[in-house]
Amino acid sequence: MEHIVIIGNGISGITAARHIRKLSGKKITIISPESKYFFSRTALMYVYMGHMKFEHTQPYENWFWKKNRLDLVNGYVTKVDTANKRLLLKGSEEIGYDKLIIATGSKSNKFGWPGQDLKGVQGLYSKQDLELLEANAPNKEVCKRAVIVGGGLIGIELAEMLRSRDIPVTFLVREKSFWDGVLPSGESQMINEHILEHHIDLKLDTNLKEIVADEDGWAKAVVTDKGETIPCNVVGLTAGVTPNIDFLEGSGIELGKGVKVNNFLETNIADIYAIGDCAEQHEAIGNRRPVEAVWYTGRMMGEALAQTICGRKRAYKPGHWFNSAKFLDIEYQTYGWVFSDRSKKDHEQHFHWRHPKEKICVTIAFHKDTKQLLGINTFGIRMRHEILDRWLTEERTMDYVMEYLRDANFDPEFYAQYEKAIISHYNVEFGTNITPKKKSWKRIFSNV
Amino acid sequence: MQIIKKIGLFIFLIGLIIFTILPFVGQFELSSATFDKVLQEKGISSEIFIQEMEKNVVGKEFSGMHSLSPKITSALETANTQHRKNMEYKKVIYTGPHDMAAAVGKVSGRGFIVENKGLMWFLTFGLGILGALLFIIPDVVLLGQKGIKNNGIYHENATNRGWIAWMVFVFLVSFYLVLYFRSEYAVNWTYLVDPISEFLSGNAAGHWFVYGFMYCTVMTVMAVRMYIKYRHNMYQMVRTTSVLFFQIVFAFLIPEIMVRLQMPYYDFKNAFPLDYDFFFQWNLKSLLNSGGIGLFILVWGIVLTLVIVPVMVYFFGKRWYCSWVCGCGGLAETLGDPYRQHSSKSLFSWKVERWLVHSVLVFAVGMTLMTLYSFFTESSTVLGLKTQSVQSAYSLLIGAFFAGVIGTGFYPIFGNRVWCRFGCPLAAYLGFVQRFKSRFRITTNGGQCISCGNCSTYCEQGIDVRAYAQKGENIIRSSCVGCGICSAVCPRGVLKLENGPLKGRINPTEVLLGNDVDLMDLVNKK
């Protein structure tokens, strides 16, 4: 029986394992040093905030693994011997494989800041990071202030977590406005405001220069490039993540930023594949980045690779880009591509609407000449994935999108609807005279 | 703000303590004139009982129900034993010993509590309401921005099965045990609400009136909490208003007013088989003897169960009843909301749930068939089983223990829908309709799920919502009561409760939306 070994029990590795099991009876072994059972990394914040217990982050009950003959090994792979198809584990245990899937995910970025390895300085990625945070910042008495370095999705999550325990937070963001490398300016501005509403000391356009230690080797303050010294007990380093592939050095597997793979998620060595955060495409797919550290793409790669491994060779062919996040209380969804002011393409034009009082806004990107829909960002409004995906495939125009916007709304029943305001704003801005069509179940549920 | 909350908690606890002490205090004295009245009302002809009562109770002063009650119950039991032995069945008293103690106690109360009903109401209910509101309302400010406010639920003792939760558990269980089995100890409570009861129905309050009044009070106060916590969520606001309205108007006010108008006591929204004694002989007789309105209720009750309920479930899912109208659901969604996370999501629990809830349905329907058979044929047994024994067994096991003691008492430990999930026969019936023929579903939004587990954690019905959502499948489960919390707590906008065409409602998916693995190819290979 063919033996598939998967290094890493995150969403990519586990998705691959589940789908291989669905399609075949192969022997499957999953190796991870992080946790015995698969858990949802995205939910770690909720454990610290007291919304859940750690066990709630585990999507499958503990009996699931044995029942589905997925062998779990708690171990840390130190070396891949590609010639003999063997893995060397810490503690000199060895495991042989017929096919190897590398799904080791990411680790937090550290950019060589002085003091980055002091006690009290940490990232937020793994289960161990969560445990560390619980020890470093159990309450506002122990942690009198935390400084977070890096204004991305993890940074704002960490800020929300610490604020849930009333810990004062200073948030250093390199950009002039929060996440403005990704978000258009109107949206980024709105999130700036929302961060301040949550009593987070947001310092834009500010970089970390140095972390100062006390006599016991703990972080006691942060020095910024503005010359400010901020006393603190915890420093969160959340300036992005990078593929977790150090153990592959010298294995012969081609590495770049991540593990280099082709469209089929194959590495340069036969029978070795890489998926998820740690994989790097030789050539980026569409507007995507070569390394995609996103939950959904990890899952998709797992789904696609399982097909290949089970003899139905399939390329990793992600469809229209989508993603979502939550900035404190504001939900964010995106479908297709809406670029920031900085990386906007020449032909890309934006339509932006923001609610006069609430923290709700929409940005729709379209082609300047053809008016074809390119993407949509919504904040505080939920959108129906299927409809947006369909519109992107059908290359619908802005006028069409506006006319049928109600079909795309996915907010709970009885919620206030903003289509009217959005469309009248659109009509004024573009001199059109569009009246919104009533929402139609028939259109929504017709899968054509 | 924190200080106001603390003061509120303090006031609430004072009210609660006074309320808890009441069953053990108070003066009771039964005058012989009052005793005669009781004898007359109850039609008692047992000379043994009368003698015993006159010897031990009448004219004597008792301090606290615990000193009075044993005298009455033993008098009654002694009398009945003797009469049964002598086969003097006409003299046997069919009022239960504790009901008798409650009835006698009610007319024997003397002293401060009875003379200061208004004040006593304020010291118990009044302080409780005031304190609770002072505790709850500062959250308008303290919770900050609109949004999901579940911070600290698993850090708080009260909501994480700590000692406070266990105290609440003990209190609720004891309260229900008193209501169902030792109603004489509720006599002092009935005095507090006598003025309200007399205003509504013209009668003095019994312990079920206390319960009904308290139910409405608790729901109202805890609905204020819901309004504050979910103020960003219109679905929750509307739904909470709806359950509150149906509880106060349909379950509480209308039946009382009907009594005042000499009509039968009836809750128009309480559908069989949740309303399990609807077809009991005494109820049918009472309805048939009440003229036009009785007949109307009889027809309404049957149409409600056979037509209205399933048709509405077809259009809206069982939520229209379970989390918009029903009283049990109403309490669960208000008082029970802080405990919703405790329902077990394991596969094992789901198995137990299916066996249990459907067994209760079979039990309820079987019992009712026996009842109707007995009613029409006027025989007291069916296939050798005594109809009345089966009815009593159901009333005790399901009506009192499952729905009451366990259903509500276990909130802080097993979550707020224990009864609705494991025991309610109506829910089981609606579940069939919802599962097999309904427009209702919780739509999963394509591939947006991140498996975080908020939805499953906060599902009060113990549905592992995430298991469906992370596969891109819609959630179609007979037990779902459509409370809408999964959709509310989802950080990524993945879930939406909606009613739509039946076609495509159940949508097993091979590969999630967003992944263009050649789907047609996949299908063809199958």
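These figures come from a predicted structure and were not determined experimentally. (Residues numbered from 1 in each chain as written. Chains lettered and ligands numbered in written order. Predicted model: local features only at pLDDT ≥ 70, side-chain atom pairs only at ≥ 80, totals over all residues.)

### Here we look at the overall build of chain A
Formally: Each helix corresponds to a stretch of at least 4 residues labelled H or I by DSSP, and each strand to a stretch of at least 2 residues labelled E; elements are numbered beginning at the N terminus. The atom set for the radius of gyration is the C-alpha atoms, and the globule formula is 2.2 Å times the number of residues raised to the power 0.38. Residues with at least 20 other C-beta atoms within 10 Å of their own are called buried, those with 12 or fewer are called exposed, and the rest are partly exposed. The C-beta atoms themselves are positioned from the backbone.
Along chain A, the regular secondary structure elements total 12 helices and 25 strands. Expected size for 448 residues packed as a compact globule is a radius of gyration near 22 Å; at 24 Å, chain A falls within 12% of this value. Dimensions of chain A, computed from the C-alpha atoms along their principal axes, are close to 70 × 60 × 40 Å. A total of 448 residues make up chain A; the buried ones form 48% of that total.

### A short note on the sheet that holds strand 3 (residues 109–110) of chain B
Residues and elements named next belong to chain B. To keep things clear, this is the line we draw: Strands qualify as paired when DSSP identifies two bridges or more between them.
What the 3 strands build is an open sheet, ordered 2-1-3; its pairing is antiparallel. With partners counted over all chains shown, the strands left at the sheet margins are strand 2 (61–63) and strand 3, one partner each. Here strand 1 (residues 27–29) runs beside strand 3; their pairing, made up of 2 bridges, is antiparallel. If you follow phenylalanine 28 over to strand 3, its bridge partner there is glycine 109.

### A short note on the interface of chain B and chain A
Test applied: The contact rule is simple: place each C-beta atom from the backbone, and if two of them lie within 7 Å, those residues are in contact.
If you look at the interface, chain B gives 46 residues, while chain A gives 47 residues. Mapped by element, the contributors of at least two residues to the side of chain B that touches chain A are helix 12 (234–260), helix 22 (454–457) and strand 7 (495–499) of chain B.

### As for the domain arrangement of chain A
By a frequent convention, interface size equals the accessible area lost on bringing the separate parts together. To be explicit about the condition: For each domain, the first and last residues come from an automatic or database assignment.
Per the domain assignment, the segments of chain A are domain 1 (3–107 + 242–309), domain 2 (121–239) and domain 3 (322–445). Here the C-alpha centre of domain 3 of chain A lies 35 Å away from the C-alpha centre of domain 1 of chain A.

### A short note on the UniProt feature "transmembrane region" (unreviewed entry) in chain B
Counted only if it meets this: UniProt positions are given in the numbering used here, feature names are shortened, and annotations may be inferred rather than shown by experiment.
In the numbering adopted here, UniProt assigns the feature "transmembrane region" (unreviewed entry) to residues 7–26, 119–142, 163–181, 208–228, 240–259, 293–316, 355–376 and 396–414 of chain B. Across residues 293–316 of chain B, helical content stands at 100% and strand content at 0%; the span's end C-alpha atoms are separated by 30 Å.

### Things to note about unusual backbone geometry
The omega torsion across B:Phe272 and B:Pro273 is 5°, close enough to zero to call that bond cis. Looking at the element boundaries, B:Pro273 is found in the loop between helix 12 and helix 13 (281–288). The residue A:Lys85 is not glycine, and still its phi comes out positive at about 50°. Mapped onto the fold, A:Lys85 is located in the loop between strand 4 (77–81) and strand 5 (86–89). Backbone geometry at A:Asp205 places phi at a positive 55°, although glycine is not the residue there.

### Quick notes on the environment of A:Thr297
Its location among the elements puts A:Thr297 in helix 7 (residues 295–309). In the structure, A:Thr297 is positioned 22 residues away from A:Ile275 in sequence and 8.9 Å away in space, judged by C-alpha atoms.

### Some details on the pairing of strand 23 (residues 348–354) of chain A
Residue and element names in this part refer to chain A. As paired strands, strand 23 and strand 24 (residues 361–367) are joined by 7 bridges and run antiparallel to one another. Bridge assignment links glutamate 348 to a residue of strand 24, and that residue is histidine 367. The turn joining strand 23 and strand 24, which pair antiparallel and follow one another in sequence, is formed by 6 residues.

### Quick look at the environment of B:Leu39
Residues and elements named next belong to chain B. Structurally, leucine 39 is set in helix 2 (residues 32–42). We classify leucine 39 as partly exposed; it has 15 C-beta atoms within 10 Å. Sequence-wise, leucine 39 and asparagine 474 are 435 residues apart; in three dimensions their C-alpha atoms are separated by 63 Å.

### Regarding the packing of helix 3 (residues 47–56) of chain B against helix 4 (residues 65–85) of chain B
All names here are of chain B. Applicable threshold: Between N-to-C directions, angles cover 0 to 180 degrees, with each direction set by a line fitted to C-alpha atoms, over the stretch in contact for helices. Throughout this description, any angle smaller than 35 degrees is read as roughly parallel, any larger than 145 degrees as roughly antiparallel, any in the 65 to 115 degree range as roughly perpendicular, and the remainder as oblique. For any helix crossing, the convention is left-handed if the near helix is rotated counterclockwise from the far helix by under a right angle, and right-handed if that rotation is clockwise.
Contact pair helix 3 / helix 4: the axes reach a minimum separation of 8 Å and the direction vectors enclose 155°. By the angle class used here, helix 3 and helix 4 are roughly antiparallel. Crossing geometry of helix 3 relative to helix 4 is assigned as right-handed. Across from Ile48, Phe49, Glu52, Met53 and Asn56 in helix 3, the residues of helix 4 making contact are Lys71, Ala75, Leu76, Thr78, Ala79 and Gln82.

### Some details on the environment of A:Asp389
Positionally, A:Asp389 belongs in helix 8 (residues 385–393). Overall, A:Asp389 belongs to the buried group, with 20 C-beta atoms counted inside 10 Å. Taking the C-alpha atoms as reference points, A:Asp389 and A:Ile156, separated by 233 residues in sequence, lie 28 Å from one another. Apart from the residues within four sequence positions on either side, A:Asp389 is in contact with A:Gly319, A:His320, A:Tyr335, B:Gly446 and B:Leu513.

### Let's talk about the packing of helix 10 (residues 187–200) of chain B against helix 11 (residues 207–229) of chain B
All names here are of chain B. Helix 11 packs onto helix 10 with a crossing angle of 75° between their chain directions and a minimal axis gap of 9 Å. In this view, helix 10 runs roughly perpendicular relative to helix 11, as classed from their interaxial angle. Together, Trp189, Thr190, Val193, Ile196 and Ser197 of helix 10 and His207, Phe209, Val210 and Phe213 of helix 11 make up the contact between the two elements.

### A word on the sheet that holds strand 4 of chain A
Residues and elements named next belong to chain A. With antiparallel pairing, 3 strands are arranged side by side in an open sheet as 4-5-6. Only two strands of the sheet have a single partner each, and these edge strands are strand 4 and strand 6 (94–96). Pairs of neighbouring strands in the sheet enclose a mean axial angle of 20°, with direction left out of account.

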